[in-house]
Amino acid sequence: MKTIEVDEELYRYIASHTQHIGESASDILRRMLKFTAGQPLRAAPAASAQSAEQDKIVAAPRPRDRVRAVRELLLSDEYAEQSKAVNRFMLVLSTLYTLDAAGFATATEALHGRTRTYFAGDQQTLLANGTHTKPKHVPGTPYWVITNTNTGRKRSMVEHIMQAMQFPTELTDKVCGTI
C-alpha cells in the first residue's frame, strides 16, 4: 500500500462515507469509484525518484497487529514516563487514530456531552462549545480534543472509541485503567 496525503476537507468527505466500523479508506474509495480489485488501471507514468522517495509502504493493520500496537504503547517508555493523565490520554488517542483513521473518525463523530463537543477539526469549534474546554491538538491527527474533563470522563471517551473500533474488552479496560 502507498500513503497519500489529502486535505482535511477531503479526508472528512471520505470518512463520512464509511459504511461499517473498520472499513479502510481504500475500501471506501473503491466503492465510491466503483473500482474493483484486478480491474486494469490507466495510470499516469511513474514520477521521478522524488515520488519514489516520498512513497511509504504501509500495511493495513490486522486485528492482532492493532491489539499488539496498543499493548506496545502501554509498555513503552514514552507512555510510562507520562506523569499526567491528560498526556497518557493524548498518546492513546494518537495511537488509535494511527491504527484506524476511519474508525477513529466514526467513533468520535457520535462522541459528545450534553452541552460540550469533545472532538473537532479545529480549536475554535471546541472553544465555541464551552469557555473552559482547554482544547489540545491530538498529535499526528487532524483532531482537537477538550482536555478540561476529569479523568473518569477521559477514560469514558477512550472506552467509547475503543469499543466503536472493536478492540477487545479486556484491552479496552486495561487501557482505561492506565489513564
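Scroll up for the structure.
Below or above, wherever it landed, is the structure these notes cover. Just so we're clear, the structure is a prediction, and the values are computed from it rather than from any experiment. (Residues numbered from 1 in each chain as written. Predicted model: local features only at pLDDT ≥ 70, side-chain atom pairs only at ≥ 80, totals over all residues. Heavy atoms only, no water.)

### Here we look at the nonpolar core
With 39 residues, the main nonpolar core has Leu93, Leu96, Phe104, Phe119, Val158, Ile161 and Phe167 as its most contacted residues. Looking at this core, the elements that each hand over two or more residues are helix H1 (8-15), helix H4 (63-75), helix H6 (85-99), helix H7 (101-109), strand E1 (119-120), strand E3 (144-146), helix H9 (151-164) and helix H10 (169-178). If you tally residues by element for this core, the top one is H6, at 9 residues. In contact with Val158, other than residues within four places in its own chain, are Phe89, Val92, Leu93, Val175, Cys176 and Ile179. (Core = buried A, V, L, I, M, F, W, Y, C linked by side-chain atoms within 4.5 Å. Buried < 20%, exposed > 50% of the residue type's maximum accessible area, 1.4 Å probe, protein only. Helix = DSSP H or I, 4+ residues; strand = E, 2+ residues; numbered from the N terminus. Contact = heavy atoms within 4.5 Å.)

### Let's talk about the packing of H6 against H9
As a packed pair, H6 and H9 sit with axes 11 Å apart at the nearest point and diverge in direction by 10 degrees. On the basis of their axis angle, the class for H6 and H9 is roughly parallel. Between H6 and H9, the residues in contact are Ala85, Val86, Phe89, Val92, Leu93 and Leu96 and Thr151, Lys154, Met157, Val158, Ile161 and Met162, respectively. In the contact of H6 with H9, the residues fall into 10 nonpolar, 1 polar and 1 charged. (Axes fitted to C-alpha atoms, helices over the stretch in contact; angles between N-to-C directions. Parallel < 35°, antiparallel > 145°, perpendicular 65-115°, else oblique. Nonpolar A, V, L, I, M, F, W, Y, C, P; charged D, E, K, R; others polar.)

### Observations regarding the packing of aromatic side chains
Overall, the coordinates contain 4 aromatic pairs when judged by the stated rule. Centroid distance Tyr97 to Tyr143: 6.0 Å. Interplanar angle 70 degrees. Geometry classified as edge-to-face. Of the two residues, Tyr97 sits in helix H6 while Tyr143 sits in the loop between strand E2 (135-137) and E3, which places them 46 residues apart along the sequence. Judged by centre distance (5.3 Å) and plane angle (65 degrees), the ring pair of Phe104 and Tyr143 falls under edge-to-face. In this pair, Phe104 sits in helix H7 while Tyr143 sits in the loop between E2 and E3, placing the two residues 39 residues apart along the sequence. For the pair Phe104 and Tyr143, a shared accessibility class is recorded, and that class is buried. Counting every residue linked through ring pairs, the aromatic cluster contains Tyr97, Phe104, Phe119 and Tyr143. Taking the ring centre of Phe167 as reference, the NZ or CZ of Arg66 above it sits at 4.2 Å. (Phe/Tyr/Trp six-rings, centres within 6.5 Å; stacked < 30°, edge-to-face > 60°. Lys NZ or Arg CZ within 6 Å of the ring centre and 35° of its normal.)

### Quick word on a nonpolar patch on the surface
A cluster of nonpolar residues, Ile4, Val6, Leu10 and Tyr13, forms a patch on the protein surface that exposes about 390 Å² of accessible area. Assignment of secondary structure puts Tyr13 in helix H1. Residue classification places Tyr13 among the partly exposed residues on the basis of a relative accessible area of 46%. (Patch = residues over 30% accessible without salt bridge, like charges linked within 9 Å, V, L, I, M, F, W, Y side chains within 5 Å. Areas by Shrake-Rupley, 256 points an atom, 1.4 Å probe, with all protein chains shown as cover. Salt bridge = Lys/Arg side-chain N within 4 Å of Asp/Glu carboxyl O.)

### Quick word on the pattern of salt bridges
Applying the stated criterion to the full structure yields 1 salt bridge. Across the pair Asp100 and Arg66 runs a salt bridge, and its minimum N-O distance is 3.8 Å. With Asp100 in the loop between H6 and H7 and Arg66 in helix H4, this residue pair connects regions lying 34 residues apart in the sequence. Across the pair, exposure class does not vary: Asp100 and Arg66 are buried alike.

### Considering the environment of Val86
Within the element layout of this structure, Val86 appears in helix H6. For Val86, a relative accessible area of 15% gives the class buried. Beyond its immediate sequence surroundings of up to four residues, Val86 is in contact with Lys136, Thr147 and Lys154.

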